[in-house]
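Below are the chains, spelled out letter by letter.
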Amino acid sequence: TLANLKVDLTAPNGKQFALPTGLFINNKFVKSTSGNKITSINPTDEREICSVEAACAEDIDKAVDAARAAFDHETWKDMSGTERGLLMFRLADLIEQHKEVLATIETWDNGKPFADSMSIDLPDVINTLRYYAGYADKIHGQTIPISNRKFAYTLRRPLGVCAQIIPWNYPLMMAAWKLGPALACGNTVVLKPAEQTPLSVLYFANLLREVGFPSGVVNIVNGYGKEAGQALASHMGVDKIAFTGSTATGKQIMKSASINLKNVTLETGGKSPLLVFSDADIEQAAVWAHIGIMSNMGQICTATSRILVQESVHDAFVEQFRQVIKSMSKIGDPFVPDTSHGPQATKEQYDRILSFVESGKFEGATLATGGEPCPVNGKGYFIEPTVFTNVKASMKIYRDEVFGPFCVIVPFKTEEEAIALANDSMYGLGAAVFSKNLELSHRVASHIEAGTVWINSSQDSDFRVPFGGYKQSGIGRELGEDGLAAYTQTKAVHVNMGTRL
Ligand code: NAD
């Protein structure tokens, strides 16, 4: 059956490759029990790319069983950290060799500019895997003296079978952020990609197999959230669940995870503020603000979608920002080299963003620029970079995550008001501060309720730096050394060296 579980594809950029389409369980690509499929759509021309197998609850059982057997098997259990790290280094090397194909699939399926897939997504995948590969033999505990005859030592043990549910905005990157620390710490995994972008991770699965990970250590099952995702989150055989996606789904997952008190880490939504103080370099602030909200067509959980500008420079900033949008947003086919702005990933998101444009107008905000679909060659889910001014904090466009190239600009008078406005959100993922005043910048950074703050920058993300949310933006941290904590548990062993009773 393996022969018919792959397709030969030619991408819009001419790249030819074979793509496996099965569920990846026990190092084999298999059919789904139910026969369900996911059909993937190219958001640029709205045409079908191909169909892949979609897991049902029974398939999730098989994947979890495979991960459990692998976790208990000596091949993995007894493998040294150094050897685990080597496998991960080899995987990173192989991804580097196949970088162009992987970037091609990512852009074809998701719509993000090919230049970004090549210069942002794939390098981040490779770096993250190497970073955690290096940690695989550096995960150890402490020795704690108690008395002359007693001491304790701690061991950092893996959690077991980890379910990982990821979104469609950075399919391979999110897979690497989740797999890297999980594997370094010696866990086994069932990864469920988003149904909107099921393709690149299948090619990735093939590389994993080639590298020689023992069977069942990583299982990759495409499937729909309501079915496969739900089945994973509520599975009794899963020890941990890690999720990136919407806050609403995150809450659902926590509820499902309570069935057996799974360890839960969540990275959910945001409505991140970007603050521009009157002494800031306005030109630079406008450029970074553009990167902050328009990169990846606004489909970034830390997108700086609320721009707060000190009153005295508000109008100048709005004008400057409009200019920057005009010169920096190159809307077009994502495979054209200078395109910076491709389509939204799905029709659903496209419709959702346009409904926010209507909501903004309806609530009385001013559409300063954009707000319209802008198809390329008459097709695709393209939306113009969109900015609203005259926005009140009570409006839906100020409060809700849009997840598109869509932001609001709001004036503030004082530092105190800026902080209050910035923190007036159920979210707390990212925040940017623009000012030349050192004291003010760091003071504001310390008062803002967010897991990441950028000073005179925005959207910097680095595999060495912990990432995650305050408030309803998440639980736990990914990346950096902190990222290991999400995939280990501490065992304390008390030793009596001769205290006799
Ligand atoms: P979502 O949260 O519903 O989906 C993310 C992942 O969760 C997918 O793999 C999906 O299959 C899975 N899932 C969905 N329902 C599930 C359930 N009940 N149990 C288990 N898994 C489930 O996100 P979406 O519907 O693709 O997008 C909706 C909104 O989420 C967007 O408009 C955006 O605001 C936000 N979003 C945020 C991020 C982020 O990185 N923070 C990423 C994508 C989307």
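Predicted, not measured: the structure shown is a model, and the values here were computed from it. (Residues numbered from 1 in each chain as written. Predicted model: local features only at pLDDT ≥ 70, side-chain atom pairs only at ≥ 80, totals over all residues. Heavy atoms only, no water.)

Attention now goes to the overall build of the chain. Counting its secondary structure elements, the chain contains 16 helices and 24 strands. By the compact-globule yardstick of 23 Å for 501 residues, the chain fits well, its C-alpha radius of gyration being 24 Å. Dimensions along the principal axes, computed over C-alpha positions, put the chain at roughly 75 × 65 × 40 Å. Residues classed as buried in the chain amount to 58% of the 501 residues present. (Helix = DSSP H or I, 4+ residues; strand = E, 2+ residues; numbered from the N terminus. Rg over C-alpha atoms; globule rule 2.2 N^0.38 Å. Buried < 20%, exposed > 50% of the residue type's maximum accessible area, 1.4 Å probe, protein only.)

The computed volume of the largest pocket comes to approximately 960 Å³. Along its surface, the largest pocket is lined by 38 residues, and Trp168, Phe243, Gly245, Ser246 and Thr249 are the ones closest to its centre. With six residues, the single largest contributor to the lining of the largest pocket is helix H9 (residues 247-257). Looking at the lining of the largest pocket residue by residue, the classes come out as 15 nonpolar, 16 polar and seven charged. When its volume is computed, the second largest pocket comes out at roughly 680 Å³. (1 Å grid on protein atoms, 1.4 Å probe; cavity = no way out; pocket = protein on both sides within 12 Å on 5 of 7 lines; lining within 4 Å. Points joined across faces, edges and corners; volume = space filled by probe spheres on them. Nonpolar A, V, L, I, M, F, W, Y, C, P; charged D, E, K, R; others polar.)

A word on the pairing of strand E9 (residues 161-165). Judged by how many residues are buried, E9 sits mostly within the fold: five of five residues are covered. Of the two faces of E9, the one carrying Val161, Ala163 and Ile165 and the one carrying Cys162 and Gln164 are both buried. Pairing of E9 with strand E10 (residues 188-192), which is carried by five bridges, proceeds in the parallel orientation. In the sheet register, Ile165 faces E10, and the bridge partner there is Lys192. Taking the sense of rotation as the criterion, the β-α-β connection linking E9, helix H6 (residues 171-184) and E10 turns out right-handed. Where E9 lies against strand E12 (residues 240-244), four bridges are found, and the strand directions are parallel. When the sheet's bridge partners are listed, Ile165 is paired in E12 with Phe243. (Pairing = 2+ DSSP bridges. Right-handed = clockwise from strand over helix to strand, strands pointing away.)

So, on to H6. In a regular helix each residue adds 1.5 Å, so 14 residues correspond to 20 Å; H6 covers 20 Å between its end C-alpha atoms and thus fits that length. Within H6, 14 of the 14 residues are buried, which leaves the element mostly enclosed by the surrounding structure. Looking one or two residues beyond H6, the residue adopting positive phi is Gly186, at roughly 90 degrees. (Expected span 1.5 Å × (residues − 1).)

Our focus in this paragraph is the packing of aromatic side chains. If you walk through the whole model with that rule in mind, you get 17 aromatic pairs. On the numbers, 6.4 Å between centres and 35 degrees between planes, the contact of Tyr132 with Tyr135 is tilted. Of this pair, Tyr132 and Tyr135 both sit in helix H5 (residues 114-135), three residues apart, which is roughly one turn of that helix. For the residue pair Tyr132 and Tyr135, the accessibility class agrees, reading buried in each case. Between Phe356 and Phe406, the aromatic rings sit 6.3 Å apart at their centres with planes inclined by 65 degrees, giving edge-to-face as the arrangement. With Phe356 in helix H12 (residues 347-362) and Phe406 in strand E18 (residues 406-412), this pair connects stretches of sequence that are 50 residues apart. Among the aromatic residues, those joined into a ring-pair cluster are Tyr131, Tyr132, Tyr135 and Phe463. (Phe/Tyr/Trp six-rings, centres within 6.5 Å; stacked < 30°, edge-to-face > 60°.)

The next thing to look at is the pattern of salt bridges. A complete count under the given rule lists 18 salt bridges for this structure. Residues Glu100 and Lys15 are paired through a salt bridge, measuring 3.7 Å at the closest nitrogen-oxygen approach. One end of the pair, Glu100, is in helix H4 (residues 99-110); the other, Lys15, is in the loop between strand E1 (6-10) and strand E2 (16-20), with 85 residues separating them in the sequence. For Glu100, a relative accessible area of 42% puts it in the partly exposed group. With relative accessibility at 27%, the residue Lys15 sits in the partly exposed group. One network of salt bridges, with partners in common, ties together Asp93, Glu96 and Arg130. (Salt bridge = Lys/Arg side-chain N within 4 Å of Asp/Glu carboxyl O.)

Let's shift gears to the state of the cysteines. Enumeration according to the criterion identifies zero disulfides in this entry. With no disulfide of its own, Cys50 lies closest to Cys56 among cysteine sulfurs, the gap being 20 Å. No disulfide involves Cys374; its sulfur sits 15 Å from that of Cys407, the nearest cysteine. (Disulfide = S-S within 2.5 Å.)

With their axes 9 Å apart at the nearest point, helix H3 (residues 81-97) and helix H7 (residues 200-211) run at an angle of 130 degrees to one another. One finds that H3 runs oblique with respect to H7. The crossing of H3 and H7 is right-handed. Counted together, Leu87, Arg90, Leu91, Leu94 and Ile95 of H3 and Phe204, Leu207, Leu208, Glu210 and Val211 of H7 form the full contact between these two elements. For the contact of H3 with H7, the per-class residue count stands at eight nonpolar, no polar and two charged. (Axes fitted to C-alpha atoms, helices over the stretch in contact; angles between N-to-C directions. Parallel < 35°, antiparallel > 145°, perpendicular 65-115°, else oblique. Left-handed = near helix turned anticlockwise from the far one by under 90°. Contact = heavy atoms within 4.5 Å.)

Here we take up the sheet that holds strand E24 (residues 488-496). Strand order in the open sheet made by the three strands is E7-E8-E24, with antiparallel pairing throughout. With partners counted over all chains shown, the strands left at the sheet margins are strand E7 (143-145) and E24, one partner each. Taking the axes of each pair of neighbouring strands and ignoring which way they run, one obtains an average angle of 25 degrees across the sheet. One ladder, built from three bridges, connects E7 with strand E8 (residues 150-158); its direction is antiparallel. Residue pairing in the sheet places Ile144 in a bridge with Ala152 of E8.

Attention shifts here to the packing of helix H10 (residues 282-294) against helix H11 (residues 311-328). Across the interface, H10 lies against H11 with an axial gap of 9 Å and an inter-helix angle of 55 degrees. As far as their axial angle goes, H11 and H10 are oblique. Our pair here, H10 against H11, has a crossing hand that is right-handed. Within the contact between the two elements, H10 uses Ile282, Glu283, Ala285, Ala286, Val287, Ala289, His290, Ile291, Ile293 and Met294 and H11 uses Val313, Ala316, Phe317, Gln320, Phe321, Val324, Ile325 and Met328. When grouped by side-chain class, the residues that make up the contact of H10 with H11 number 15 nonpolar, two polar and one charged.

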